[in-house]
Amino acid sequence: MPQKTLAETLAARETLHVNCSHPMCCKSTRLDIAALIDRLGPDHGSMHQDLVGLFGCSDCKAAGRDRRPVFFTLVPDYRGQDEARTKRVPRPTFDRA
């Protein structure tokens, strides 16, 4: 069982990027998690070891560079976290009666 699935990543509103590690390229592409779910299924893992064999850099391949491993960057939903943390809570009033 994977540590984290694509469905969990989508539900958490996280962003996943795949990055080329070749020093002449360093291309980064944002992945469409919903499209990955359609292709691989919602229970497929979203961790590095689950996805690394599925991706390669097309720019490096076209340029004839040697194949380097890709790596992934997961960006949390900071906006949702900030909104939840700074949600306005009614404050008590100290009106004198």
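Draft legend 1. Structural context of the pattern of salt bridges. Under the definition given, this model contains four salt bridges. A salt bridge links E14 to K4; the shortest N-O distance between them is 2.5 Å. Separated by 10 residues along the polypeptide, E14 in the loop between α1 (6-11) and β1 (15-20) and K4 in the segment before α1 bring together distant segments of the chain. With its nearest N and O atoms 3.6 Å apart, the salt bridge here joins D77 to R13. Remark: R13 occurs in the loop between α1 and β1 and D77 occurs in the loop between β3 (70-75) and α5 (78-85); sequence separation between them is 64 residues.

Draft legend 2. Region of the structure containing the sheet that holds strand β2 (residues 28-30). An order of β2-β1-β3 is seen for the three strands of this open sheet, with the pairing classed as antiparallel. The open sheet is flanked by β2 and β3, the only strands paired with a single partner. Between one strand axis and the next, the sheet turns through 25 degrees on average, direction left out of account. By the bridge criterion, three bridges tie β1 to β2 in an arrangement that is antiparallel. Bridge pairing links N19 to S28 in β2.

Cut-off values and rules
Residues numbered from 1 in each chain as written. Predicted model: local features only at pLDDT ≥ 70, side-chain atom pairs only at ≥ 80, totals over all residues. Heavy atoms only, no water. Salt bridge = Lys/Arg side-chain N within 4 Å of Asp/Glu carboxyl O. Helix = DSSP H or I, 4+ residues; strand = E, 2+ residues; numbered from the N terminus. Pairing = 2+ DSSP bridges. Axes fitted to C-alpha atoms, helices over the stretch in contact; angles between N-to-C directions.

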